[in-house]
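# Understanding the architecture of this molecule
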Amino acid sequence: MSNLVLFLLMMCGGVFIAVQPSINARLAQKTGVIESSTVSFAVGALALLVVSTMVGKGSLRGVASANWWELTGGLCGAFYVTLIIFAVPRIGTAAAMAATIAAQLATGLLLDHYRLFGYQGAPFDLKRGIGVVLLLIGAALVFRR
């Protein structure tokens with residue numbers, strides 16, 4: 001898969017990530033915040049189960065050899081989805097996304113620099129630092145009322 005295709009797919013993923021909180025927040029009006037998050041994860045898990053059985057190339061048996069912390073990704077996702085469902089009706093989608101994206105980029109910069117989790121990353125430099133600072137400023141401007 002080319003880098004351009006991967007970039008475009010990630011752009012599509014960004015659209016879905018921006019739309020998901022509003023969809024889940026609407027569901028929360030009918031079910032509740034935690035319940036909406038539960039439904040969201042259940043539907044996602046069911047969809048992934050179908051896809052992984054149809055086209056998956058790995059094995060779910062590998063989970064038995066995973067370290068405990070390698071299983072915490074779902075907890076991170078559940079925390080985020082639940083928090084965003086709670087936040088969107090109160091501060092709006094743009095402000096919630098701005099805070100999320102700024103924090104993701106700042107965290108990603110640290111993960112890359114220190115090569116945490118064993119992945120190659122780009123070291124911190126002034127250009128990347130300025131990019132994060134500008135994004136944080138942008139997030140603050142979007143959040144301002």
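Worth saying up front: this structure is predicted, and the values here are computed from it rather than measured. (Residues numbered from 1 in each chain as written. Predicted model: local features only at pLDDT ≥ 70, side-chain atom pairs only at ≥ 80, totals over all residues. Heavy atoms only, no water.)

### Points about the overall build of the protein chain
- Along the protein chain, the regular secondary structure elements total five helices and zero strands.
- In the protein chain, the succession of α and β elements from N to C terminus is α-α-α-α-α.
- Expressed as lengths along the three principal axes of its C-alpha atoms, the size of the protein chain is roughly 45 × 40 × 30 Å.
- A total of 145 residues make up the protein chain; the buried ones form 17% of that total.
- Contacts in the protein chain between residues at least 24 apart in sequence constitute 64% of all its contacts with a sequence separation of at least 6. (Helix = DSSP H or I, 4+ residues; strand = E, 2+ residues; numbered from the N terminus. Buried < 20%, exposed > 50% of the residue type's maximum accessible area, 1.4 Å probe, protein only. Contact = heavy atoms within 4.5 Å.)

### Observations regarding the packing of helix α1 (residues 3–31) against helix α2 (residues 33–55)
- Viewed as axis vectors pointing N to C, α1 and α2 meet at an angle of 125°, and their least axial separation amounts to 8 Å. Here α1 is positioned oblique relative to α2, judged by the angle of their axes. Crossing of α1 against α2: the hand is right-handed. Only Val33, Glu35, Ser36, Val39 and Ser40 of α2 make contact with α1, whose side of the interface consists of Gln20, Asn24, Leu27, Ala28 and Thr31.
- Considering only residue class, the contact of α1 with α2 consists of four nonpolar, five polar and one charged. (Axes fitted to C-alpha atoms, helices over the stretch in contact; angles between N-to-C directions. Parallel < 35°, antiparallel > 145°, perpendicular 65-115°, else oblique. Left-handed = near helix turned anticlockwise from the far one by under 90°. Nonpolar A, V, L, I, M, F, W, Y, C, P; charged D, E, K, R; others polar.)

### Points about the layout of surface pockets
- Within this model, the largest pocket holds a volume of roughly 430 Å³.
- Taken together, 16 residues make up the lining of the largest pocket; nearest its centre are Cys76, Gly77, Phe79, Tyr80 and Gln104.
- For the lining of the largest pocket, the elements supplying multiple residues, two or more each, are α3 (73–91) and α4 (93–114).
- Among the residues forming the lining of the largest pocket, the class breakdown is 11 nonpolar, five polar and no charged. (1 Å grid on protein atoms, 1.4 Å probe; cavity = no way out; pocket = protein on both sides within 12 Å on 5 of 7 lines; lining within 4 Å. Points joined across faces, edges and corners; volume = space filled by probe spheres on them.)

### Thoughts on α1
- For α1, built from 29 residues, the straight-helix expectation of 42 Å at 1.5 Å per residue is met to within 8% by its first-to-last C-alpha distance of 40 Å.
- At valine 19, α1 shows its largest kink, close to 25°, and the proline proline 21 lies no more than four residues downstream.
- Structurally, α1 contributes buried residues whose contacts are with α2, α3 and α4.
- Just downstream of α1 lies glycine 32, where phi reads positive at about 110°. (Expected span 1.5 Å × (residues − 1). Bend = angle between axes of the 7 residues up to and from the residue.)

### Details of the environment of isoleucine 85
- Residue position: isoleucine 85 is located in helix α3.
- Sequence separation of isoleucine 85 and glutamine 20 is 65 residues, and the distance between their C-alpha atoms is 8.9 Å.
- Leaving out residues up to four positions away in the same chain, isoleucine 85 has contacts with Asn24, Ala25, Ala28, Val33, Ser36 and Ser37.

### Points about the packing of α2 against α3
- At a closest axis distance of 9 Å, the pairing of α2 and α3 adopts a crossing angle of 130°. Considering the angle they form, α2 stands oblique to α3. Considering how the two elements wind past one another, α2 and α3 form a crossing that is right-handed. Here Val33, Ile34, Ser36, Ser37, Ser40 and Phe41 of α2 come into contact with α3, specifically with Gly74, Gly77, Ala78, Val81, Thr82, Ile85 and Phe86.

### Some words on the UniProt feature "transmembrane region" (unreviewed entry) in the protein chain
- Sites flagged by UniProt as "transmembrane region" (unreviewed entry) map to residues 38–56, 68–88, 94–114 and 126–143.
- Across residues 126–143, the secondary structure splits into 100% helix and 0% strand, with the terminal C-alpha atoms separated by 25 Å. (UniProt positions renumbered as here; feature names shortened; annotations may be inferred.)

### Structural notes on the environment of alanine 122
- Secondary-structure assignment places alanine 122 in the loop between α4 and α5 (126–143).
- As for alanine 122 and leucine 109, which are separated by 13 residues in sequence, their C-alpha atoms are 8.0 Å apart.
- Discounting residues that sit within four places of it in the chain, alanine 122 has contacts with Asp112, His113 and Arg128.

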